[in-house]
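A structural walkthrough
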Amino acid sequence: MVTCHKSLAAKPFDQPPFPPDLLAGEIALVTGGGSGMGLGMARALAQSGAAIAIVGRSFDRARAGVEAIEALGGRAIAVTADVRDPAAIADAFEQAEAALGPVTILANNAGGNFPVLADAMSANAWRAVTRIAIDGTFFCSTEFARRRIAAGGAGAIVNNSAQYIWSGFPGDAHSASAKAAVAGMTAALAREWRPHRIRVNCIAAGFFPHDGSTEGNDADTRRRLGMMIPLGRVGEMQEFGWLSAFLCSSFATGITGETIVIDGAERLRRSLLTGAFEPPRERAALWGRMP
Amino acid sequence: MTPWLTGRRALIAGEGAAIDVVVAALQSAGAKAVRSSIVPGGDDGIAAEMAALFEAGGVDILIHGGTRVTTLAAVETGSDAWRDGVSADIDLRFLQSTEFVRRCLVAGQGGSILFLMPAALPQATGYIAAATVTGAIGNLVKSLAVEWARDGIRINAIATRVHHAGAADNDAPLASLGHLATYILSDYGAYISGAVMGVDET
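Across its full length, chain B holds five helices and six strands. Listing the helices and strands of chain B from first to last along the sequence gives β-α-β-α-β-α-β-α-β-α-β. For 202 residues, the compact-globule formula gives about 17 Å, and the C-alpha radius of gyration of chain B, at 16 Å, lands near that figure. The dimensions of chain B, computed from C-alpha atoms along their principal axes, are 45 × 40 × 30 Å. Here chain B holds 202 residues, and the buried ones make up 50% of them. In chain B, of all internal contacts separated by at least 6 residues, the share reaching a separation of at least 24 is 72%.

Along the backbone of chain A there are seven helices and seven strands. For 291 residues, the compact-globule formula gives about 19 Å, and the C-alpha radius of gyration of chain A, at 19 Å, lands near that figure. In chain A, which comprises 291 residues, the share counted as buried stands at 49%. Restricting the contact set of chain A to residue pairs at least 6 apart, pairs at least 24 apart contribute 72%.

Residue and element names in this part refer to chain A. When the terminal C-alpha atoms of helix α2 (residues 59–71) are compared, their 18 Å separation across 13 residues agrees well with the 18 Å that a helix rising 1.5 Å per residue should span. Residues of α2 that are buried make contact with α1 (36–47), β2 (51–56) and β3 (76–80). Among the residues trailing α2, G73 stands out with phi positive, at a value near 90°.

Turning our attention to the pairing of strand β1 (residues 9–13) of chain B. Residue and element names in this part refer to chain B. Among the five residues that make up β1, four are buried, leaving the element largely enclosed by the rest of the structure. Of the pairings in the sheet, the one linking β1 to strand β2 (residues 32–35) comprises four bridges and is parallel in character. Across the sheet, the residue bridging to A10 is A33, located in β2. Since β1 and β2 lie parallel, the crossover through helix α1 (residues 17–28) that links them has a hand, and here it is right-handed. As defined by bridge partners, β1 adjoins strand β3 (residues 61–64) across four bridges and the pair is classed as parallel. By the bridge assignment, I12 is partnered in β3 with I63.

Here we take up the sheet that holds strand β6 (residues 196–197) of chain B. The pairing of strands in a sheet comes from backbone hydrogen bonds and takes either a parallel or an antiparallel form. Residues and elements named next belong to chain B. Ordered by their spatial adjacency, six strands build an open sheet running β2-β1-β3-β4-β5-β6, and the pairing between neighbours is parallel. Looking along the sheet, the strands with just one partner apiece sit at the ends: β2 and β6. The pairing of strand β4 (residues 111–118) with strand β5 (residues 153–160) spans eight bridges and is classified as parallel. By the bridge assignment for β5, L114 is matched with N156. Contacts from helix α4 (residues 128–147) reach β4, β5 and β6 within the one sheet, and its direction differs from that of β5 by about 160°. Set on the sheet, helix α5 (residues 172–185) makes contact with β3, β4 and β5; between it and β5 the angle comes to about 165°.

Here we take up the sheet that holds strand β1 (residues 27–31) of chain A. Residue and element names in this part refer to chain A. Pairing is parallel across the open sheet formed by seven strands, whose spatial order is β3-β2-β1-β4-β5-β6-β7. Each end of this open sheet is capped by a strand with a single partner; those strands are β3 and β7 (259–262). Here the strands of the sheet are splayed against their neighbours by 20° on average, with no regard to which way each runs. Two elements, strand β4 (residues 105–108) and strand β5 (residues 155–162), share four bridges in a ladder whose sense is parallel. Its bridge partner lying in β5, A107 is registered against V158. Along the sheet face, α1 touches β1, β2, β3, β4, β5 and β6 (198–205) and points at about 170° away from the line of β1. Helix α3 (residues 86–100) contacts β1, β2 and β3 of the sheet and is inclined by roughly 160° relative to β3.

This next bit is on the environment of A265 of chain A. Residue placement: A265 of chain A occurs in the segment after β7. Sequence spacing of A265 of chain A and P195 of chain A is 70 residues, and the spatial spacing of their C-alpha atoms is 35 Å. With sequence-adjacent residues up to four places away left out, A265 of chain A is seen in contact with P230 and L231 of chain A together with A145, V146, A149, S193 and G194 of chain B.

Ranked by internal contacts, the top residues of the largest apolar core, which has 152 residues, are L45, I52 and I54 of chain A together with V22, L114 and L177 of chain B. Excluding residues that lie within four positions of it along the chain, L177 of chain B makes contacts with A18, V21, V22, I158, T160, V162 and V199 of chain B.

Residues and elements named next belong to chain A. Unlike most non-glycine residues, R197 shows phi in positive territory, near 60°. You can see R197 is positioned in the loop between α5 (173–193) and β6. By the C-beta count within 10 Å, which is 16 here, R197 ends up partly exposed.

Residues and elements named next belong to chain A. Here α3 crosses helix α4 (residues 123–151) at 45°, and the two axes come no closer than 10 Å. Viewed along their axes, α3 and α4 adopt a mutual orientation that is oblique. Handedness of the crossing formed by α3 with α4: right-handed. Every residue of α4 that contacts α3 at P86, I89, A90 and F93 is listed here: F139, C140, E143 and R147. A class-by-class count of the residues in the contact of α3 with α4 yields six nonpolar, no polar and two charged.

Cut-offs applied
- In this convention, every chain numbers its residues from 1, walking through the sequence in written order.
- Here every chain gets a letter starting at A, and every ligand a number starting at 1, in the order they are written.
- For this predicted model, a pLDDT threshold of at least 70 governs which residues receive local features, and a threshold of 80 or more governs which side-chain atom pairs are given and counted, while totals over whole chains, interfaces and linings are taken from all residues.
- Each helix corresponds to a stretch of at least 4 residues labelled H or I by DSSP, and each strand to a stretch of at least 2 residues labelled E; elements are numbered beginning at the N terminus.
- All radius of gyration figures rest on C-alpha atoms, and the globule criterion is 2.2 Å times the number of residues raised to 0.38.
- Exposure in this text rests on C-beta crowding, where 20 or more other C-beta atoms within 10 Å of a residue's own make it buried, 12 or fewer make it exposed, and counts in between make it partly exposed. The C-beta atoms are placed from the backbone.
- Each residue is represented by a C-beta atom placed from its backbone, and any two residues with such atoms within 7 Å are regarded as in contact.
- A helix is expected to reach a length of 1.5 Å times the quantity of its residues less one.
- Whether two strands pair comes down to DSSP finding at least two bridges between them.
- Call a crossover right-handed when, viewed with both strands pointing away from you, the route from the first strand across the helix to the second goes clockwise.
- To obtain an axis, a line is fitted to C-alpha atoms, over the contacting stretch when the element is a helix, and the angle between two such axes runs from 0 to 180 degrees between their N-to-C directions.
- Note on terminology: a nonpolar core is a set of buried residues of type Ala, Val, Leu, Ile, Met, Phe, Trp, Tyr or Cys, with members joined through C-beta atoms within 7 Å.
- Any angle from 65 to 115 degrees is called roughly perpendicular, while one under 35 is roughly parallel, one over 145 is roughly antiparallel, and all others are oblique.
- Working rule for handedness: look at the near helix, and if it is turned counterclockwise from the far one by less than a right angle, call the crossing left-handed; if clockwise, right-handed.
- Residue classes follow a fixed rule: Ala, Val, Leu, Ile, Met, Phe, Trp, Tyr, Cys and Pro count as nonpolar, while Asp, Glu, Lys and Arg count as charged, and any other residue, Gly among them, counts as polar.

Shown next as structure tokens:
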């Protein structure tokens, strides 16, 4: 038997796939863009030349995102808004457009997640996760589209979903429902807004650890998480960010309504025979244990 | 075009408008492309062709467009047409990709595989062959992605209505298909494997 065990390393952030002016003149509004995956999107979009409006419930966190963009030489502003509040979203767009110009790219990233059994989940917990992802994506997308349609201009939306949208996620029913809803919404909105040249796409992401991750983000955690994944490592944030930027760019002018999964094939690992089934409510750790 | 594939060598197999677009995009991105001479039913020549390619410097990308599947309604599709248009397609993709990987393993190198195929549109008559191929190849991709992941070999598929010429009302989907394929095959797509995606299928 020939065994290779090759690891496919990620390209480093300072070797981007795109020219620095690919998104020059574009204004991108990124929800939840102050940290984690939203910041990954924001940095990649800024690296390609877009100006960024970072929207978040915490001004301090959004401001930290702005500083990260400015450290790249980019232009960004921080706006405070809760994506569940349509009036706040409209105001956020007003602020972004007053400071930067018409928003032409929307990255719907805002979300929340935590392990909990469905029958132990409070109504507030269910509503918090589903309404941020589902309502937030819908409210932001429709606000964006109304403005793009009124301006007679094209636009691009990229939604942050998850690799468990096809399988469900026991112990995470709120997020499983919400993220799958976002993928469904992607296809429907793409069809509805095709006449207006507004493209809508989605990324179903796997493990991209960041400082806010439930599992942590230290080197040992990343190594152990990587052992679970067929490709042998976790995702690097720039890989997720660059795919987001690709979908919003002229490279993807003909791509709309699609959900692209980037997870190192993690969702596909299975054996016909495996360990005894352990009901989620009997697990010591609801989401399982790292190797 | 950005030089995402500089120094890469690709073996191109199968047919379809999508193949021609992707080959042009690959070359524009810096890859060298070699066309396979294997035709449907020519399974016996697969090993020899791959051996010759690896002896001549090797390839690290395989792109396969399959065969032109029948668009007849199911009840009008005879057994020969079925075998020529479905069995030949999935056989060829399987046999060429596994031979490619066997050679990669012996050479101690990684690689990238991309299958291009028609989107399954089950609501339309005449798509029984496409739907069958897309189902088979989609799950083949998902299975092989895990089998070959630790060998540094990635495999993905793009299933699109523009696989064959004439299905698009403008050039944008085909142009973006070329960019998407190139990006996925490049090292920038290193964390993407086992994915079946479209271009504009809604």
